[in-house]
Structure formats: C-alpha cells, structure tokens
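Residue-level structural notes
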Amino acid sequence: QYSPDNVAGADGANDPTEITFPGCSCLTSSCVVHACSCLCHGENYNSLCLRPTDKEEEYARPVFECNAMCQCGESCQNRVVQRGLQFRLEVFKTEKKGWGLRTLEFIAKGRFVCEYAGEVLGFDEARRRMQAQTSKDSNYIIVVREHLHSGQVMETFVDPTYIGNIGRFLNHSCEPNLLMVPVRVDSMVPKLALFAAADISAGEELSYDYSGRFHNLSVTNREQKSLEDDNSLRKPCYCGSRTCASFLPWDSSLFSTA
C-alpha cells in the first residue's frame, strides 16, 4: 500500500500524524532566525538546500520545520520536506540489485529528494518483525539512532514493507549520492528525509548508505560490532563503488535478547 507519509505502526507505539509541537507566531511569509521559535537552532535551509554542517561543529544541528500550528505562510522557506516530492523519479529494474530508484532530472546538491516513509514502530514490534524474517526475505526496516549531547540515544524504527513510499526502492551504496537526515515537523517523530549529497545528473540511480556512516561521526564500538557481526547473515553488496565493503550493512541489535 502506497503512502507518501509515515503512518502509525500496527503496534500503535508511535503516531506520526499527531501534532504535539506548538507553532511559531511569525506573521510573515517566511520565518527568519532569531525571530522564529522553530529556528532556535539556526537556519535549516538556504534557497531550498539543506544548510551544511560546519566542520567545527561536533554535532549536527537538529532540523525543525515550521508546522501546522505555525502562523507563517505555506511559502515559508522553513517548509521543505513537508512539501513532498519536487522531482520526477522513476522506479526501474537493476541488473543485480532488484528494483532501484533513479531521477529523471538534474538535482542540485542539498535539495530534498524524497522521504523514507512507512510504519513507525516501537522497538518490540520492530524486533519481532526482524526476527520473523528468513534469509530470502528483503529487509526494509530501518533503525535511525540520534546521539544527543546528554548521552541519550533516540531510536526511530520505520518499516515500509507493507505501507510505504518510493523510498523503499532506494538501494545501498558505499559511495552514495543521498544523505539521510531526521527532520521534525509536527512532533518528535521524525521524517527520514533524503537530501542530495552532491549534484545528481538525470538518469542517475539514487542511493544512500544503509549504515548511516556517510557524512557522519564515527560509530561507537558497540555499533561497529553490531554492524560487522556474523558475515554469514549478511548479503553481498553490488554497488560497484571503489570503496565497496563487499557486504550490505548489517545491524544485529534487533536480534539481541539482552
């Protein structure tokens, strides 16, 4: 079943459609930093392009867009991911990787491309579904971990297997052209937004790094171990990049009973 946006999972643990954020009181067509409560962490976008993280910043700034409760207009420059697809994309059959997704037009670096949308699950339901899979099944469940200054780790589980959007057709690459960023609009349940990490030509296949290491801080020892545990369970990678790791990223944390 196709859905352009996240939906609540069968377990009912998270409802991504719930509006819990208060809106800004900006009575302008487009919000500006220092005056808008949604931009308290700084500017998110510049001419529709994601603002790059400064090299001296230890952490990436969280991205909060203006929401349904905000007083600003629909043309506000802090409304990007919520507008949905802006480029013509095509699902196609690849030679070795099954289905893939490519763009039919040029996409400039920093532009929002698409969301990875599906059922938003709680940990228990995500683990149950992962453990029910066989080696022949395709896994679409993604686990996104956000590391906060406090040391807390926020986890988001999205599964587009039964309900989702075109993001489920994106293949992994060890040298991807997309970057995944959690973007929050109406609540703390993020949209898993994919932005162009470089200029992308028409006809080029779109891909991202399933491990989350691309353009990110180095992973912790525990995450490194879970990514590399038991090669017998891992599937071969056919991305064809110069730095190909030979296997698709594998996170065994959902199989742990500890």
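So, a few notes on the structure that sits alongside this text. (Residues numbered from 1 in each chain as written. Predicted model: local features only at pLDDT ≥ 70, side-chain atom pairs only at ≥ 80, totals over all residues. Heavy atoms only, no water.)

Turning our attention to the side chain of arginine 145. Looking at where arginine 145 falls in the secondary structure, it is placed in strand E9 (residues 142-147). Taking relative accessible area as the criterion, arginine 145 reaches 19% and is therefore assigned buried. At 2.8 Å, the side chain of arginine 145 and the side chain of glutamate 155 are in polar contact. (Helix = DSSP H or I, 4+ residues; strand = E, 2+ residues; numbered from the N terminus. Buried < 20%, exposed > 50% of the residue type's maximum accessible area, 1.4 Å probe, protein only. Polar contact = N/O pair within 3.5 Å; in protein donor to acceptor, adjacent residues only side chain to side chain.)

Moving on, we get to the packing of aromatic side chains. Between two aromatic rings, the relevant description is the distance of the centres plus the angle of the planes. Under the definition given, this model contains six aromatic pairs. On the basis of an interplanar angle of 55° and a centroid distance of 5.7 Å, the ring pair of phenylalanine 21 and phenylalanine 64 is categorised as tilted. Placement of phenylalanine 21 in the loop between strand E1 (7-8) and strand E2 (45-46) and of phenylalanine 64 in strand E4 (residues 63-64) is noted, with a sequence separation of 43 residues between them. The exposure class of phenylalanine 64 is buried, given its relative accessible area of 18%. Judged by centre distance (5.0 Å) and plane angle (50°), the rings of tyrosine 208 and tyrosine 210 are tilted. Accessibility expressed as a relative area gives 4% for tyrosine 208, which makes it buried. Tyrosine 210 sits in the partly exposed class, given a relative accessible area of 31%. Here a set of aromatic residues connected by ring pairs shows up, and it is made of Tyr45, Phe112 and Phe195. The side chain of lysine 93 reaches across the aromatic face of tryptophan 99, ending 4.9 Å from its centre. (Phe/Tyr/Trp six-rings, centres within 6.5 Å; stacked < 30°, edge-to-face > 60°. Lys NZ or Arg CZ within 6 Å of the ring centre and 35° of its normal.)

Just geometry here; none of it tells us what the structure is for.
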